[in-house]
Amino acid sequence: MTLNRTLQSLGLAGLALGCTALPAAASAFWFVDTVTPYGQKVDWLYQFMMWISIAILIVVEVALVAALIKFRKRPGENRQPETWSHNTKLEIIWTVIPFALLVAILIPTFQALAYLADVPKNPDLTLEVVGHQFYWEYRYPDLNVTFNSTPRDANGGYGDPLELPVGRKIKVIMTASDVIHAWWVPAFGLQQMTTPGNLAMVPLEITKAGDYTGSCAFLCGPQHGAMGIFVRAVDQPTFMAWADKHKSATGLKPIATVGLVGQTPPPPEANEVPEGKENPQGTEAAVAGKPTAEEAKKLSEKGKDLYAAKCLGCHQPTGAGVPGVFPPLDGSEFVTGPDKALVEIIVKGKSGPIKVKGADYNSAMPPVGTGMSDEEVAAIATYVRQSWSNKAEAVGPAMVKAKH
Ligand SMILES: [Cu+2]
């Protein structure tokens with residue numbers, strides 16, 4: 001790599017700076033240093049191809065300029081152009097050289113691809129990455145750890161980092177719960193699409209401690225830019241201490257059930273309230289569709305999971321939102337006000353200027369409730385209306401049905 005660095009510095013000094021050789025400026029101008037074996041392979045390949053390209057450029061340009069000078073029309077000269085065609089020697093040369101170059105590029109390319117396909121069978125650690133609109137859910141199934149990324153704030157800042165141990169063989173399994181995202185960390189040389197219904201697997205081994213940032217690299221919706229990636233690579237004891245602080249209270253569902261949206265329908269009894277049975281008690285509450293206290297409790301529990309999957313990335317576990325970016329739900333007049341308005345926001349989303357608790361937001365909330373059952377919408381509504389300091393009435397599935 002030293003030779004490469006030197007060559008690249010020299011190349012840049014020549015190309016970008018003209019004649020002043022400033023290797024320090026060149027390395028700041030150049031790509032980030034990669035800290036994974038795969039990233040090093042990608043870098044090497046890139047440099048290799050770039051120098052081949054530069055060599056071709058020089059050969060072609062020198063030949064062109066030489067031909068222009070040598071065969072230019074001189075004053076008083078009246079030569080006829082040559083009329084021969086085909087030159088076997090020349091044709092062999094201009095076939096064999098590009099062929100050899102392509103083979104030379106092909107070999108390290110396949111080596112890098114083979115490295116990426118060689119996911120460790122007995123990894124030191126398994127990391128699962130789930131792309132959600134609009135945050136990253138990280139899970140360490142062996143350690144029963146879950147961690148959600150915090151959306152990037154208005155200044156492009158990152159929240160708390162995801163920690164990973166240095167020098168360990170990590171198996172990364174990636175998927176998405178809603179639309180296609182892409183997990184991209186330049187310093188790892190890695191950009192992997194996360195696709196609903198598909199589990200992508202890649203090896204990851206970080207060779208140097210430090211903070212590495214990246215972002216979602218696939219336009220996934222209005223808050224795509226909030227999907228920052230912030231990884232902190234640390235030694236094993238520091239990592240274990242971090243992991244201890246992020247144990248899942250409820251246990252992790254298998255990633256296959258997280259990612260394969262649409263392929264693992266929830267049990268019917270949880271999804272559908274049979275017609276005419278909204279309220280088995282059959283009292284006055286049944287007429288208005290208001291859930292009983294017991295039903296409200298069930299809805300709220302279910303709503304908590306849905307909130308974690310669909311709302312928490314922006315509105316935060318505390319319901320406080322992110323100042324200036326994502327409105328708070330705790331104490332929000334939209335949450336505790338008329339249930340019809342809340343249901344409408346959940347089902348249809350909300351865009352444009354909005355004032356919440358006296359602060360202005362330019363909202364671009366996606367319609368998270370589209371495609372959800374009435375009961376699921378009611379569960380989210382009930383959960384946010386009765387969480388934190390909110391003490392509004394529960395919303396039953398029948399009320400949702402009547403309102404959208
Ligand atoms: Cu995105």
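Note: the structure precedes this text.
In this text, all values refer to a predicted model and were calculated from it rather than measured experimentally.

Novice: Please clarify how the sheet that holds strand 4 (residues 162-165) should be interpreted in this entry.
Specialist: An order of 4-10-9-6-7 is seen for the 5 strands of this open sheet, with the pairing classed as mixed. On the outer flanks of this sheet lie strand 4 and strand 7 (190-194), each paired with one strand and no other. With direction set aside, neighbouring strand axes in the sheet form an average angle of 25°. Judged from the 5 bridges that link them, strand 6 (residues 181-185) and strand 7 form a sheet pairing that is antiparallel.

Novice: Explain the pattern of salt bridges here, please?
Specialist: Two side chains of opposite charge can pair, provided their charged atoms sit close to one another. Within the structure shown, the criterion is met by 9 salt bridges. One salt bridge in this structure joins Arg139 and Glu137, with 3.4 Å as the shortest N-O distance. Under the relative-accessibility criterion, Glu137 is labelled buried at 13%. In this structure, Glu301 engages Lys297 in a salt bridge whose closest nitrogen and oxygen atoms are separated by 3.9 Å. Here Glu301 pairs with Lys297, and both are found in helix 9 (residues 293-310), just 4 residues apart, close to one helical turn.

Novice: Please explain the pairing of strand 11 (residues 350-356) as it appears in this structure.
Specialist: Within a regular strand, side chains alternate between the sheet's two faces. Pairing between strand 11 and strand 12 (residues 359-365): 7 bridges, direction antiparallel. Bridged to Val356 within strand 12 is Ala359. Taking the residues between adjacent antiparallel strands as the criterion, strand 11 and strand 12 are bridged by 2 residues, where Lys357 takes a positive phi near 50°.

Novice: What am I meant to see in the coordination of the copper ion here?
Specialist: As a benchmark, a tetrahedral metal site with four donors has ideal angles of 109.5 degrees, while an octahedral site with six donors has ideal angles of 90 or 180 degrees. Only Cys216 (SG), Phe218 (O), Cys220 (SG) and His224 (ND1) from the protein reach the copper ion as donors, at distances of 1.9 to 2.7 Å. Viewed at the metal, the 4 donor atoms of the copper ion are separated by angles of 86 to 131°, and the geometry they form is tetrahedral. Taken in chain order, the donor set of the copper ion reads C-x1-F-x1-C-x3-H. Each member of the pair, Cys216 together with His224, is buried.

Novice: I would appreciate a short explanation of the packing of helix 12 (residues 339-348) against helix 13 (residues 374-385) in the present structure.
Specialist: At a closest axis distance of 10 Å, the pairing of helix 12 and helix 13 adopts a crossing angle of 120°. One finds that helix 12 runs oblique with respect to helix 13. Classified by chirality, the crossing of helix 13 by helix 12 is right-handed. Residues Asp339, Leu342, Val343, Ile346 and Val347 of helix 12 touch helix 13, and the partners they reach there are Val377, Ile380, Ala381, Val384 and Arg385. Looking at the contact of helix 12 with helix 13 residue by residue, the classes come out as 8 nonpolar, no polar and 2 charged.

Novice: Just checking my understanding: could you explain unusual backbone geometry for this structure?
Specialist: Omega for the bond connecting Gln133 with Phe134 falls within 30 degrees of zero, at 5°, which places this linkage in the cis form. Note that Phe134 resides in the loop between strand 1 (125-132) and strand 2 (135-140). In this structure, His86 is a non-glycine residue whose phi angle is positive, near 65°. By the element assignment, His86 lies in the loop between helix 3 (37-70) and helix 4 (88-117). You will see that Lys357, though not glycine, has its phi angle at about 50°, which is positive. Positionally, Lys357 belongs in the loop between strand 11 and strand 12.

Novice: Quick question: what am I supposed to make of the nonpolar core here?
Specialist: A general tendency of soluble globular proteins is for nonpolar side chains to be buried together. The biggest cluster of nonpolar side chains holds 39 residues, and the ones touching the most others in it are Leu127, Tyr138, Tyr140, Leu162, Leu164, Trp183 and Phe188. Ranked by residue count, the leading element in this core is strand 10 (residues 228-234), at 4 residues. Of the residues that make up this core, three or more belong to each of domain 1 (2-67 + 88-117) and domain 2 (125-256). Setting aside residues no more than four positions away along its own chain, Leu127 makes contact with Tyr138, Arg139, Tyr140, Leu162, Leu164, Ile170, Lys171, Val172 and Ile173.

Thresholds, definitions, all that
Residues numbered from 1 in each chain as written. Predicted model: local features only at pLDDT ≥ 70, side-chain atom pairs only at ≥ 80, totals over all residues. Heavy atoms only, no water. Pairing = 2+ DSSP bridges. Helix = DSSP H or I, 4+ residues; strand = E, 2+ residues; numbered from the N terminus. Axes fitted to C-alpha atoms, helices over the stretch in contact; angles between N-to-C directions. Salt bridge = Lys/Arg side-chain N within 4 Å of Asp/Glu carboxyl O. Buried < 20%, exposed > 50% of the residue type's maximum accessible area, 1.4 Å probe, protein only. Donors = N, O, S within 2.8 Å, 3.2 Å for Na, K, Ca; no water. Tetrahedral: all angles 85-135°; square planar, octahedral: opposite > 155°, others 65-115°. Parallel < 35°, antiparallel > 145°, perpendicular 65-115°, else oblique. Left-handed = near helix turned anticlockwise from the far one by under 90°. Contact = heavy atoms within 4.5 Å. Nonpolar A, V, L, I, M, F, W, Y, C, P; charged D, E, K, R; others polar. Core = buried A, V, L, I, M, F, W, Y, C linked by side-chain atoms within 4.5 Å. Domains from an automatic or database assignment.

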